[in-house]
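Results of the structural survey
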Amino acid sequence: MTTVLPPPARAKPPSFRWTGPEVPLPGTRPVFLYLRLSRAHGDGRDAIERQRLDLTRKLAAEGGWTVMGEYVDRDSASAYARTERAGWRALNAGIASGRVRAVAFWKLDRTLRIASRCLEWVTSCQQQGVTLLSHQDSTEGAEQRHRGSETLDRGEGVVG
């Protein structure tokens with residue numbers, strides 16, 4: 001009799017990965033990426049890889065940034081999601097410690113789905129001097145979506 005064992009469980013990728021140099025390149029500021037799984041794009045590419053590519057192209061085009069690392073969540077940010085978002089927790093710990101002073105993300109809704117919690121996070125980042133860079137959101141778009149925040153209404157929110 002042959003015993004069939006299930007395949008070994010695949011290890012989850014780490015929630016944080018250091019990808020850059022030890023210190024930012026001369027004349028640049030350090031930035032960390034936040035990448036979160038979303039529905040597959042029409043071109044069939046991996047959503048996280050697509051976000052990474054879009055963000056690194058945007059940052060390279062703007063100049064002045066060195067990507068130091070990336071925080072990744074391969075789970076949903078839905079208000080109904082049952083999973084813990086280790087990448088999100090690690091990112092916020094990095095912000096609280098002062099290590100993360102700039103965050104680039106594909107779209108603000110990749111961070112938090114509940115608008116009031118998203119506003120709280122943006123405000124907290126601003127109070128700590130953290131620069132937020134979005135691939136998809138413009139400052140004007142953020143203002144329209146989050147009228148309740150005076151900080152965003154003054155144009156000091158998400159840099160698009």
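The terminal C-alpha atoms of helix α1 (residues 47–62), which comprises 16 residues, lie 23 Å apart, in line with the 22 Å expected from a rise of 1.5 Å per residue. Listed in full, the buried residues belonging to α1 are A47, I48, Q51, R52, D54, L55, K58 and L59. Packed against the buried residues of α1 are β1 (16–18), β2 (29–36), β3 (65–73), β4 (102–105) and β5 (131–134). Directly beyond the C-terminal end of α1, a positive phi value near 75 degrees is found at G63.

With that settled, consider the packing of aromatic side chains. Summed over all chains, the structure comprises 8 aromatic pairs. Geometrically, the ring pair formed by F16 and Y71 is tilted, given 4.6 Å between the ring centres and 45 degrees between the ring planes. Of the two residues, F16 is situated in strand β1 and Y71 in strand β3; the sequence distance between them amounts to 55 residues. The class for F16 is partly exposed, based on a relative accessible area of 22%. When its relative accessible area of 0% is taken as the criterion, Y71 is described as buried. Taken together, a centroid distance of 6.3 Å and an interplanar angle of 65 degrees make the contact between F105 and W121 edge-to-face. Of this pair, F105 sits in strand β4 while W121 sits in helix α3 (residues 115–127), and the two are 16 residues apart along the sequence. Across this residue pair, the class does not change: F105 and W121 are buried.

It is worth spelling out the sheet that holds β4 at this point. Sheet strands pair via backbone hydrogen bonds, and the direction of the pair is either parallel or antiparallel. Pairing in this open sheet of 5 strands is mixed, and the strands run β1-β3-β2-β4-β5 from one edge to the other. A strand with exactly one partner marks an edge of an open sheet, and here the two such strands are β1 and β5. Along the sheet, successive strands turn relative to each other by an average axial angle of 25 degrees, direction set aside. Bridge count between β2 and β4: 3 bridges; the pairing is parallel. Bridge pairing in β4 places Y34 opposite F105.

A few words now on the pairing of β2. Judged by how many residues are buried, β2 sits mostly within the fold: 6 of 8 residues are covered. Here β2 runs beside β3; their pairing, made up of 8 bridges, is parallel. Residue pairing for β3: Y34 is matched across the bridge by Y71.

The subject of this paragraph is the confidence of the model for the chain. When pLDDT is averaged across the chain, the result is 80; 71% of the residues are at 70 or more. Per-residue pLDDT stays below 50 along residues 139–156; that stretch engages in 28 contacts with residues further than four places along the chain or on separate chains.

With that settled, the discussion passes to the side chain of T66. Here T66 shows up in strand β3. Assessed through its relative accessible area of 5%, T66 is described here as buried. A distance of 3.1 Å separates a polar side-chain atom of T66 from the backbone nitrogen of L25. Not counting the four nearest positions on each side in its chain, T66 is found in contact with P21, P24, L25, T28, R29, P30 and V31.

As enumerated under the stated definition, the model contains 6 salt bridges in all. A salt bridge links E70 to R17, with the shortest nitrogen-to-oxygen separation between them at 2.8 Å. Of this pair, E70 sits in strand β3 while R17 sits in strand β1; the two residues are 53 residues apart in sequence, bridging distant segments of the chain. Assessed through its relative accessible area of 42%, R17 is described here as partly exposed. For K58, the salt bridge is made with E62, and the minimal N-O distance between the two is 3.1 Å. One end of the pair, K58, and the other, E62, are both in helix α1, 4 residues apart, so they sit about a helical turn from each other. The exposure class assigned to E62 is partly exposed, which follows from its relative accessible area of 38%. When salt bridges that share partners are traced, they join R17, E49, R52 and E70 into one network.

Rules behind the numbers
- Residues numbered from 1 in each chain as written.
- Predicted model: local features only at pLDDT ≥ 70, side-chain atom pairs only at ≥ 80, totals over all residues.
- Heavy atoms only, no water.
- Helix = DSSP H or I, 4+ residues; strand = E, 2+ residues; numbered from the N terminus.
- Expected span 1.5 Å × (residues − 1).
- Buried < 20%, exposed > 50% of the residue type's maximum accessible area, 1.4 Å probe, protein only.
- Contact = heavy atoms within 4.5 Å.
- Phe/Tyr/Trp six-rings, centres within 6.5 Å; stacked < 30°, edge-to-face > 60°.
- Pairing = 2+ DSSP bridges.
- Axes fitted to C-alpha atoms, helices over the stretch in contact; angles between N-to-C directions.
- pLDDT = per-residue confidence, 0-100.
- Polar contact = N/O pair within 3.5 Å; in protein donor to acceptor, adjacent residues only side chain to side chain.
- Salt bridge = Lys/Arg side-chain N within 4 Å of Asp/Glu carboxyl O.

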